[in-house]
Amino acid sequence: EYSTNAADSHIAAGAARPIEITTPNAMSPFFKVRDFGLGMDDADIENIYSKYGASTKRETDTQVGMLGLGCKSALTYTQQFTLNAIKGGVKYMVAISRTEDGSGVMEVVDKVDTDEPNGVEVVVPVKRNNSFETKTRNFFRFWETGSVLVNGREPDKISGRTISDRTTLVSGLDKDYVVMGNVAYPVRQDSGLFVSNSYHRQYGVVAYIEIGSVNFTPSRESLHYTKVTEETLTTLRKEVASGLKVAIKKNIDEQPDAQAAIKAYNEWARAVGTSYNSPVPSELDWNGIVIPTSVSHPILTYNLYSTRYAVNSTGYFGIEKYYNCPIVYGYA
């Protein structure tokens, strides 16, 4: 919530620099989000932070926040957090806390002149055993390059095989995601962006969409499967199905030689499978040259240490064996 609010403030202010995230450590047990956007003065703080449901972003499709709950979300984790707001050369230090009956209390504890640039820093104290480091790494891997620094560094980004301008096949993901306003929403399995009959799924599809293309639950943890959401997912599903066939063919044809084409074919087959509905063709065609996907020969193998089935007949070798398995035949 705080990082997307920070990004929204940069959009509104036209700030080109990244927001800054600091994860907790033993010397500083705080999670911090700093932006360099519009900033807030005491009137802004009172109007936004003292009212649940207040939002300045409901009428725009360029910013993510719209529920008016994100700025208070730290109160679901801790009893108190701090806000440092800077605007027009004045810095406001605000303590926001939750009382025993659950109500919120906001207090401006200090107000000083400063030469710091406009912006807001949210400082949340964390519990001793926490997973902020892992969750921060997983969350920001979907953000655009140059939009965020984590502990002073660009976070690792997801990467994979390009399907279309807005969709990518990423190995190692166990589900598909749609990314809207830098927030990655998992797509439930029965609404997946690409479905194959491969038993061992080794990939996920990540699609970047415009703000407003899908609806999400108030917790912002998952998609709300409304008509708008379903229509967008249907469009993406068609885009992925057609785009994969084109991407696979293009990637194979642009390989420099037949061996590289075989390797590319195998990598696609491992990623999405070769079942009847797979976009990977059953026949390997490299720039009009058909390469067999298996080689067949009546080869006998003998296992010295086996008492049963010591001699076996191997009918064929799959294409992946071409690289590292010499075949010797013509001998008794």
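Anything mentioned here points back to the structure above.
Residues numbered from 1 in each chain as written. Predicted model: local features only at pLDDT ≥ 70, side-chain atom pairs only at ≥ 80, totals over all residues. Heavy atoms only, no water.

**Q** Go over the sheet that holds strand β9 (residues 167-171), please, and point to the residues and values.
**A** The strand order β8-β9-β12-β10-β11 describes an open sheet built from five strands, whose pairing is mixed. What marks the edges here is a single partner per strand, and that holds for β8 (161-164) and β11 (183-187). Ignoring which end each strand starts from, the neighbouring axes of this sheet average 25 degrees apart. Contacts between helix α5 (residues 258-272) and the sheet are confined to β8, β9 and β12 (203-209), with β9 contributing the most and set at about 85 degrees to the helix. (Pairing = 2+ DSSP bridges. Helix = DSSP H or I, 4+ residues; strand = E, 2+ residues; numbered from the N terminus. Axes fitted to C-alpha atoms, helices over the stretch in contact; angles between N-to-C directions. Contact = heavy atoms within 4.5 Å.)

**Q** Could you give me a rundown of the environment of F140, with the residues and numbers involved?
**A** As for its placement among the helices and strands, F140 is situated in helix α3 (residues 132-140). Each C-alpha atom of the pair F140 and P155 lies 6.6 Å from the other, and the pair is 15 residues apart in sequence.

**Q** How would you sum up the pattern of salt bridges? Please name residues and give values.
**A** Taken as a whole and judged by the stated rule, the model has 14 salt bridges. When salt bridges that share partners are traced, they join R34, K91 and E116 into one network. (Salt bridge = Lys/Arg side-chain N within 4 Å of Asp/Glu carboxyl O.)

**Q** Go over the sheet that holds strand β5 (residues 104-113), please, and point to the residues and values.
**A** With respect to topology, seven strands assemble into an open sheet ordered β5-β4-β3-β6-β2-β1-β7, the strand pairing being mixed. Two strands close off the open sheet at either side, each with one partner strand: β5 and β7 (148-150). Strand after strand, the sheet turns through a mean of 15 degrees between neighbouring axes, direction not considered. Across three bridges, strand β1 (residues 19-22) lies against β7 in parallel orientation.

**Q** I'd like to hear about unusual backbone geometry, residue by residue, with values.
**A** For N182, which is not glycine, the phi dihedral falls at a positive 75 degrees. Along the chain, N182 turns up in the loop between β10 (176-180) and β11. Positioned with a positive phi, N287 is a non-glycine residue whose angle comes to about 50 degrees. Here N287 is to be found in the loop between β15 (284-286) and β16 (289-291).

**Q** Could you give an account of the pairing of β11, naming the residues involved and the relevant values?
**A** In terms of burial, β11 is a largely internal element, four of the five residues being buried. Where β10 lies against β11, five bridges are found, and the strand directions are antiparallel. The residue bridging Y177 from the neighbouring strand is P186, located in β11. (Buried < 20%, exposed > 50% of the residue type's maximum accessible area, 1.4 Å probe, protein only.)

**Q** Explain the packing of aromatic side chains residue by residue, including any values.
**A** Inspection of every chain in the model, using the stated rule, returns nine aromatic pairs. Pairing F139 with F140 gives two aromatic rings, centres 5.0 Å apart and planes at 80 degrees, and the pair type is edge-to-face. Judged by its relative accessible area of 2%, F140 falls in the buried class. Both rings, one in F142 and one in Y177, keep their centres 5.2 Å apart while their planes meet at 45 degrees; by these two values the pair is tilted. With F142 in the loop between α3 and β7 and Y177 in strand β10, the pair connects residues that are 35 residues apart, well separated along the chain. On the basis of relative accessible area, F142 is assigned to the buried category, the value being 3%. An aromatic cluster is present here, built from F31, Y77 and F132 joined pairwise through their rings. A cation over a ring is seen here: R17 above F36, with NZ or CZ 3.5 Å from the ring centre. Residue placement shows K127 over the ring face of Y77; its charged tip is 4.7 Å from the ring centre. (Phe/Tyr/Trp six-rings, centres within 6.5 Å; stacked < 30°, edge-to-face > 60°. Lys NZ or Arg CZ within 6 Å of the ring centre and 35° of its normal.)

Remember, this is a structural readout, not a statement about activity or role.
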